[in-house]
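# Structural features, examined
What follows is the residue order along each chain.
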Amino acid sequence: MSNETISQADGDVKIVRTTSTFDCGGRCPIRLHVKNNRIIRIEGDDAEEPEQLRTCLRCRAFRQYVHHPQRLMYPQKRIGERGEGKFERISWDEALETLAGELTRVKETYGNEGIFLATGGGYLAGLHNGGLAAQRLMNQFGGCVTHYGNISSEGAVWASLTQYGSVMVGNSREDLLNSKLIILWGWDPARMISGTNTMYHVIKAKENGAKIIAVDPRYHDTAATVADEWIPIRPGTDTAVFVAMAHVMINENLHDRAFLDKYTIGFDKFKEYVLGREDGIEKTPAWAAEISGVEAAVIERLAREYAGTNPAALMDCQGPARSAMGEQFNRCAATLCAMTGNVGRAGGSACGGLMGLPIGHMFRMSAIPPGKNPFELDGPNVKGTLDIRMRVIKRVHINKIFDAILEGKQGGYPTDIKMMWSMCNNYLNQTGNSNKAARALQKLEFFCAQELFMTAQARYADLLLPVTTAAERSDLTRPWPSGPYFTFMNRALQPLGECKSDLVIVSELAERLGIEGFNPYTEEEWLKMFIDHNPEYQEHIKDYDKFREDGIHRVKLDEPIIAFKEHIDDIENNPFPTPSGKIEIFSQRVADLAKPDTPPIPKYMPTPEDRNDPLVETYPLQLLTPHPKNRVHSELYMVPWLREVEEHRAWINPIDADSRGIKDGDEIYVFNDRGKVAITAWVTERIIPGVVSIFEGAWFDPDDEGIDHGACANTLTKDAYSGGGAAVMNTSLVEVEKV
Ligand SMILES: Nc1nc2c(c(=O)[nH]1)N[C@H]1C(S)=C(S)[C@@H](COP(=O)(O)OP(=O)(O)OC[C@H]3O[C@@H](n4cnc5c(=O)[nH]c(N)nc54)[C@H](O)[C@@H]3O)O[C@H]1N2
Ligand SMILES: Nc1nc2c(c(=O)[nH]1)N[C@H]1C(S)=C(S)[C@@H](COP(=O)(O)OP(=O)(O)OC[C@H]3O[C@@H](n4cnc5c(=O)[nH]c(N)nc54)[C@H](O)[C@@H]3O)O[C@H]1N2
Ligand SMILES: [Mo]
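Thresholds, definitions, all that
- Residues numbered from 1 in each chain as written.
- Chains lettered and ligands numbered in written order.
- Predicted model: local features only at pLDDT ≥ 70, side-chain atom pairs only at ≥ 80, totals over all residues.
- Heavy atoms only, no water.
- Helix = DSSP H or I, 4+ residues; strand = E, 2+ residues; numbered from the N terminus.
- Rg over C-alpha atoms; globule rule 2.2 N^0.38 Å.
- Buried < 20%, exposed > 50% of the residue type's maximum accessible area, 1.4 Å probe, protein only.
- Contact = heavy atoms within 4.5 Å.
- Areas by Shrake-Rupley, 256 points an atom, 1.4 Å probe, with all protein chains shown as cover.
- Lys, Arg positive; Asp, Glu negative; His and termini not counted.
- Charge placed at Lys NZ, Arg CZ, Asp CG, Glu CD.
- Polar contact = N/O pair within 3.5 Å; in protein donor to acceptor, adjacent residues only side chain to side chain.
- Phe/Tyr/Trp six-rings, centres within 6.5 Å; stacked < 30°, edge-to-face > 60°.
- Lys NZ or Arg CZ within 6 Å of the ring centre and 35° of its normal.
- Salt bridge = Lys/Arg side-chain N within 4 Å of Asp/Glu carboxyl O.
- Pairing = 2+ DSSP bridges.
- Axes fitted to C-alpha atoms, helices over the stretch in contact; angles between N-to-C directions.
- Near = heavy atom within 4 Å.
- Nonpolar A, V, L, I, M, F, W, Y, C, P; charged D, E, K, R; others polar.
- Right-handed = clockwise from strand over helix to strand, strands pointing away.

### Digging into the overall build of the protein chain
Scanning the protein chain from N- to C-terminus turns up 26 helices and 28 strands. Computed over the C-alpha atoms, the radius of gyration of the protein chain is 25 Å, within 12% of the 27 Å expected from 2.2 N^0.38 for a compact globule of 739 residues. Expressed as lengths along the three principal axes of its C-alpha atoms, the size of the protein chain is roughly 75 × 60 × 55 Å. Within the protein chain, the proportion of its 739 residues that are buried is 64%. Nonlocal contacts in the protein chain, meaning residues at least 24 apart in sequence, comprise 74% of its contacts between residues at least 6 apart. In the structure as shown, the protein chain presents an accessible area of about 26,600 Å², 48% of it carried by carbon and sulfur atoms. For the protein chain, the centre of its 81 positive side-chain charges and the centre of its 102 negative side-chain charges are spaced 1 Å apart.

Here is the structure:
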């Protein structure tokens, strides 16, 4: 199980155990075969079943990513117009001098609130994490402006914290084998994985006799492989169906009253709403059928089946929650879990959309704390990145970064942003309204991007700094949301070209800014300290050298992890971490906010750009933008093997295609007031009529007329957020026409 060397006549091949650091949530153990500083082959995990973690297609193609001919290899400065993509090679000396100079100039001219630091999910390990290193530097430089809100899952986070007071709402995946019924509600793990072995366990559960139902506007890959039934539904209407399912359960007395009495508060208020005593509208299956397109009889059957099958796992994810009333989806799903007594029970589920496990979660990763001389000044409290106190002067919502740059104080934002320093993200491509983002980047006085590739966003940089890949560093990482295991990344390659990790770049910048002692330890020393100071590693990892050699430590569980089990087993001594100590179907904290868009009980509410919006006259189709199986967002976009997996196409139902004279394989435009993309049509019954789907992450590539030939989904989405803070990525109206 250790790192080995194979001798060959023309040189040695080292086999290095590591993992990737992508934001897919999984961590596939990979064995990189390295010769002359090149990866020549990749093998997956060599553990036996059932422990073996099935290495995914993206990790298997990692070699073509690391050694891609278009990787950035040296620092560059812009010589053409912004966004034109014309650059000139410069030295690291000039590059760092320029960045230090701009940071100092903006600070002296406008104050630290003119500096915007944009971080992201590009690299999810503890030590070389660019965002954390840069934030630590900015703390010592007097602060900066940054973003708040989780672009992925703020709706789910809001819902979980409101309902349960915790984001660790997941059961470990092998618990699916205890389920008799699994409902994939906006969940497609065959594609977006939800942790490395999730699909493996879904298949095992099926073999074990579980019935599987998928509720989704798309007949997705998981539905196609394992589901007994697909229930198509209109986007943004799930909460109406949940509420109607609650109606059926209440009417037919199928709900678990003893559970509700003992563990929850506010069910009475929810019931008043469901039965129409609050607003005069009874939330019957017929009412929900009208909204969702799911037949009333199907809603009734689903309610009876879910309430009558014990235990049953309702699996809600984040896609439906990345929408204009996203948090209501996860909150209402969690309410159904309580109504059926499935919370804290083996084979059940708590919902909440996050599926995170309390052991080995990324949120509890080790990182260098923000102080100057971390371990001395801040003590051994390196528990988790979420605990780190950032010296952030002012913040803007993550889906409003570019609007804030454009509108500034005059537009009601807390500051006027003058420069952006960016790493580990491609937000022009990945937040709402890419055309607006491109306009905003034009307005900046200075923009520095640390990147691996000339991405859609990097093209707008004034200064481009080349960064190493995960193969070129040692580090510690862990999966989200499943596991439980910890991974050690062994450095396989010396940095390629002139690339440096963000930590190294930031450390060298610190020296130029006169900040001393910023990075006093070697990589090896840091990693050892992370292990020594983190109670979670201390509990699980007894042999550091073995962990490093194996590249992985799997936590052996006697029983599956069941979220909230300890509360359900003994609520008197283990109250939920909510103000009431119970599951809050009604939340006083939310009531106190007194915001109409965040009701204290979960509710279905119509929103702008749903089917009821008069805008449907102009833009009659709803747009979905799910995550791609052959990339992680916009990462890996350039990898040829992964391109072969699936062409970037817009899913459209034959009914919508026929009425527009569109045939499978035709070039089409998908457009609205925010933008226009050119893309190939995939005419398929795997999507319901009235809905078009374009996978997120393809690179924005507008021509002179503004037509995006890369067909980036966010050319069409808007830069809005819901009452609970969810980025609105799946609530957009569009029209389609043949080119
Ligand atoms: N329409 C639509 N948009 C979405 C979503 C959606 O569902 N629909 N999903 C959203 C979600 S859930 C997320 S999490 C976001 C993701 O948004 P981003 O985090 O912006 O997405 P990525 O495409 O992963 O971009 C990461 C970038 O970091 C770079 N990178 C990788 N490693 C390093 C490193 O070590 N250092 C530096 N400096 N850079 C590195 C990569 O080359 C890549 O360009 O997208 C969101 N956008
Ligand atoms: N391969 C791969 N894996 C990934 C990622 C990736 O980019 N590539 N990204 C990772 C990240 S950062 C995240 S946050 C997660 C995201 O994981 P999710 O948020 O779960 O992924 P999505 O693909 O956005 O949505 C899941 C499903 O929701 C459906 N859906 C959308 N809107 C609705 C609706 O209104 N109602 C219903 N019922 N269904 C709806 C979509 O059709 C899709 O099948 O995935 C992670 N895993
Ligand atoms: Mo995400």
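### Describing the side chain of glutamine 430
Within the element layout of this structure, glutamine 430 appears in helix 17 (residues 427-430). A residue is classified by how much of its surface remains accessible, and glutamine 430, at 12% relative accessible area, is buried. A polar contact of 2.7 Å, which involves the side chain of glutamine 430, links it to the side chain of glutamate 696. The contact partners of glutamine 430, leaving out residues within four places of it in the chain, are Ile151, His633, Ser634, Glu696, Gly697, Asn714 and Met729.

### Focus: the packing of aromatic side chains
Under the counting rule described, the total for this entry stands at 24 aromatic pairs. Members of the aromatic cluster, each reached through a chain of ring pairs, are Phe486, Phe488, Tyr537, Tyr544 and Phe547. Above the ring of phenylalanine 141, the side-chain terminus of lysine 107 is found at 4.4 Å from the ring centroid. It is lysine 528 that lies over the ring of tyrosine 544; its NZ or CZ is 5.2 Å from the centre.

### Some words on the side chain of arginine 322
Relative to the assigned elements, arginine 322 resides in the loop between strand 13 (312-316) and helix 14 (326-339). Buried arginine 322, no salt bridge; nearest opposite-charge side chain is glutamate 696, N-O distance 6.3 Å. If near-sequence neighbours (up to four positions away) are discounted, arginine 322 is found in contact with Ile151, Ser152, His627, Ala727, Val728, Met729 and Asn730.

### Notes on helix 5 (residues 154-164)
Within helix 5, 10 of the 11 residues are buried, leaving the element largely enclosed by the surrounding structure. Buried within helix 5 we find Glu154, Gly155, Ala156, Val157, Trp158, Ala159, Ser160, Thr162, Gln163 and Tyr164. On its buried face, helix 5 is in contact with helix 14, strand 21 (583-584) and helix 24 (588-593). After helix 5 finishes, the residue glycine 165 shows a positive phi value of roughly 75 degrees.

### Focus on the sheet that holds strand 2 (residues 11-19)
Here four strands make up an open sheet; going across it, the order is 1-2-3-4 and the pairing antiparallel. At either margin of the open sheet sits one strand with a lone partner, and together these are strand 1 (4-8) and strand 4 (38-43). Strand-to-strand twist of the sheet, defined as the mean angle between neighbouring strand axes without regard to direction, takes the value 25 degrees. Bridge analysis of strand 1 against strand 2 gives five bridges, and the strand direction is antiparallel. Paired with isoleucine 6 across the bridge in strand 2 is valine 13.

### A word on the site of ligand 2
Close to ligand 2 lie 33 residues; Met192, Asp216, Gly236, Asp238 and His633 are nearest. Within the side chain of arginine 191, an N or O atom sits 2.9 Å from an oxygen atom of ligand 2. Taking 900 Å² as the accessible area of ligand 2 by itself, protein coverage stands at 99%. Of the residues assigned to the shell around ligand 2, the class counts are 14 nonpolar, nine polar and 10 charged.

### Some thoughts on the pairing of strand 10 (residues 211-215)
In terms of burial, strand 10 is a largely internal element, four of the five residues being buried. With three bridges connecting them, strand 10 and strand 11 (residues 229-231) associate as parallel partners. In the sheet register, valine 215 faces strand 11, and the bridge partner there is isoleucine 231. Where the polypeptide runs from strand 10 across helix 8 (residues 221-226) and back to strand 11, its parallel neighbour, the crossover connection is right-handed.

### Examining unusual backbone geometry
What is expected of a backbone is that most residues other than glycine have negative phi and most peptide bonds are trans. With an omega dihedral of 0 degrees, the bond running from tryptophan 480 to proline 481 counts as a cis peptide bond. With respect to the helices, strands and loops of the structure, proline 481 is situated in the loop between strand 18 (475-477) and strand 19 (485-489). Looking along the chain, the bond that leaves glycine 483 and enters proline 484 is cis, with omega of -10 degrees. You can see proline 484 is positioned in the loop between strand 18 and strand 19. In the Ramachandran plot, isoleucine 193 falls in the positive-phi region, its phi being about 65 degrees despite a non-glycine side chain. Along the chain, isoleucine 193 turns up in the loop between helix 6 (189-192) and helix 7 (198-207).

### Considering the sheet that holds strand 13
Strand pairing in a sheet takes place through backbone hydrogen bonds and is either antiparallel or parallel in direction. Spatially, the four strands line up as an open sheet ordered 11-10-9-13, and their pairing is parallel. The open sheet terminates on both sides in strands that have one partner only, identified here as strand 11 and strand 13. The sheet shows a mean angle of 15 degrees between the axes of neighbouring strands, taken without regard to direction. When strand 9 (residues 181-185) meets strand 10, the two strands line up parallel, connected through five bridges. Within strand 10, the residue paired with isoleucine 182 across the bridge is isoleucine 212.

### Details of the site of ligand 1
Taken together, 30 residues form the shell around ligand 1, and within it Gln430, Glu451, Asp502, Ser634 and Asn714 come nearest. Between ligand 1 and the protein, one listed contact pairs an oxygen atom with a backbone N or O atom of glycine 121 at 3.3 Å. In the model, a nitrogen atom of ligand 1 is placed 2.9 Å from a nitrogen or oxygen of the glutamine 450 main chain. In the complex, 97% of the free accessible area of ligand 1, which totals 920 Å², lies under the protein chains. At the level of secondary structure, the elements contributing two or more residues to the shell around ligand 1 comprise helix 17 and strand 16 (446-451). Partitioning the shell around ligand 1 into residue classes produces nine nonpolar, 14 polar and seven charged.

### Some thoughts on the environment of proline 479
Tracing the backbone shows proline 479 in the loop between strand 18 and strand 19. In the structure, proline 479 is positioned 198 residues away from isoleucine 281 in sequence and 44 Å away in space, judged by C-alpha atoms. Once residues within four sequence positions are removed from consideration, proline 479 is found in contact with Gly25, Gly26, Arg27, Gly360, His361, Met362 and Tyr485.

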